[in-house]
Amino acid sequence: GESVGLHLPTLSVQEGDNSIINCAYSNSASDYFIWYKQESGKGPQFIIDIRSNMDKRQGQRVTVLLNKTVKHLSLQIAATQPGDSAVYFCAEIGGGGNKLTFGTGTQLKVEL
Amino acid sequence: DAGITQSPRHKVTETGTPVTLRCHQTENHRYMYWYRQDPGHGLRLIHYSYGVKDTDKGEVSDGYSVSRSKTEDFLLTLESATSSQTSVYFCAISAQGEEETQYFGPGTRLLVL
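The shown structure was predicted, so the numbers you read here are calculated from the model rather than taken from an experiment.

J.: Would you mind showing me how to read the overall build of chain A here?
T.: Helix and strand counts for chain A stand at zero helices and ten strands. Put simply, chain A runs from its N terminus to its C terminus through helices and strands in the order β-β-β-β-β-β-β-β-β-β. The C-alpha atoms of chain A give 14 Å as radius of gyration, which agrees with the globular expectation for 112 residues (13 Å, within 12%). Counting over 112 residues, chain A shows a buried share of 39%. Pairs at least 24 residues apart make up 54% of the contacts formed inside chain A by residues separated by at least 6 positions. A total of about 6,000 Å² of accessible surface is found on chain A, and carbon and sulfur atoms cover 46% of it. A distance of 6 Å separates the average location of the 10 positive side-chain charges in chain A from that of its 10 negative side-chain charges.

J.: How should I be thinking about the interface of chain B and chain A in this particular structure?
T.: Interface size, as often reported, equals the accessible area lost upon joining of the parts. Facing 20 residues of chain B, the contacting portion of chain A comprises 23 residues. Roughly 1,700 Å² of surface becomes buried between chain B and chain A when both sides are summed, with 56% attributable to carbon and sulfur atoms. When the buried surface of chain B facing chain A is broken down by residue, Pro39, Glu100 and Phe104 of chain B rank first, second and third, together holding 32% of it. Our count for the chain B to chain A interface comes out at one salt bridge.

J.: What's the story with the environment of arginine 57 of chain A in this structure? I'm lost.
T.: Residue and element names in this part refer to chain A. Tracing the backbone shows arginine 57 in strand 5 (residues 56-58). Residue classification places arginine 57 among the partly exposed residues on the basis of a relative accessible area of 34%. If near-sequence neighbours (up to four positions away) are discounted, arginine 57 is found in contact with Ile48, Asp49, Ile50, Val62, Thr63 and Val64.

J.: How should I be thinking about a nonpolar patch on the surface in this particular structure?
T.: A cluster of nonpolar side chains, namely Val12, Leu111 and Leu113 of chain B, defines an oily patch on the protein surface of about 290 Å² accessible area. Along the chain, leucine 111 of chain B turns up in strand 11 (residues 108-112).

J.: What am I meant to see in the sheet that holds strand 7 (residues 64-70) of chain B here?
T.: Paired through backbone hydrogen bonds, the strands of a sheet run either parallel or antiparallel to each other. Residue and element names in this part refer to chain B. Across the sheet, which stays open at both edges, the four strands sit in the order 1-3-8-7 with antiparallel pairing between neighbours. If you trace the sheet from one side to the other, it starts and ends with strand 1 (4-7) and strand 7, each paired once. Across the sheet, the mean angle separating the axes of adjacent strands is 20° when strand polarity is ignored. Here strand 7 pairs with strand 8 (residues 73-78) via five bridges, running antiparallel. Directly across from valine 66, in strand 8, lies its bridge partner leucine 76.

J.: Just checking my understanding: could you explain the pairing of strand 11 of chain B for this structure?
T.: Residue and element names in this part refer to chain B. Alternating positions in strand 11 separate cleanly, Thr108, Leu110 and Val112 being buried on one face and Arg109 and Leu111 remaining unburied on the opposite face. With three bridges connecting them, strand 9 (residues 87-95) and strand 11 associate as antiparallel partners. Looking at the pairing, serine 87 lines up with leucine 110 of strand 11.

Criteria and thresholds
- Residues numbered from 1 in each chain as written.
- Chains lettered and ligands numbered in written order.
- Predicted model: local features only at pLDDT ≥ 70, side-chain atom pairs only at ≥ 80, totals over all residues.
- Heavy atoms only, no water.
- Helix = DSSP H or I, 4+ residues; strand = E, 2+ residues; numbered from the N terminus.
- Rg over C-alpha atoms; globule rule 2.2 N^0.38 Å.
- Buried < 20%, exposed > 50% of the residue type's maximum accessible area, 1.4 Å probe, protein only.
- Contact = heavy atoms within 4.5 Å.
- Areas by Shrake-Rupley, 256 points an atom, 1.4 Å probe, with all protein chains shown as cover.
- Lys, Arg positive; Asp, Glu negative; His and termini not counted.
- Charge placed at Lys NZ, Arg CZ, Asp CG, Glu CD.
- Buried area = accessible area lost by both parts, 1.4 Å probe.
- Salt bridge = Lys/Arg side-chain N within 4 Å of Asp/Glu carboxyl O.
- Patch = residues over 30% accessible without salt bridge, like charges linked within 9 Å, V, L, I, M, F, W, Y side chains within 5 Å.
- Pairing = 2+ DSSP bridges.
- Axes fitted to C-alpha atoms, helices over the stretch in contact; angles between N-to-C directions.

Written as structure tokens, this is what we have:
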């Protein structure tokens, strides 16, 4: 059911530390995954994507890991900065579907 | 925001009034989408378009209609707004051949009193 207010899982990290944000998915046929970053009052921003024929992909300061065996996706942010503070959520598509399914997200807080 | 603008950015309206939200893109992308975002839910698809005059329903389409008369514009209409339609609405676009990769606009915050 719908919760009143916004109670997202929160990850607090110290500036300069690495962050790991996790996402579990349920559709074993999903074959494409995206991580988005959403800052307060803004639209979701594409960060990085990965296809199911890969288990790791790297971008600038970010790495996405895919474990299809346990249907788990993670986003690693290296040397976390205050500007990384946002909600991060994953999205998936596949299995013959043509629409993305979105997770509810994790709030990342960077402490100075 | 990937060449996407939404208008208005904020709106307050009363129950029973019609409301139209506009999404405009400068990317010439084929696919456009309307989502709503509410606490406790991931983004939920309302309607989408796969070309001019070609639209289809998403998972939460009741109470909403859309139109796309030009490639660059996708309109979302609430025929008779209800309080349950208070939400943040996002438009997204994707290119042909890369339909899965969606880019989002800045959002419209709608309050229905």
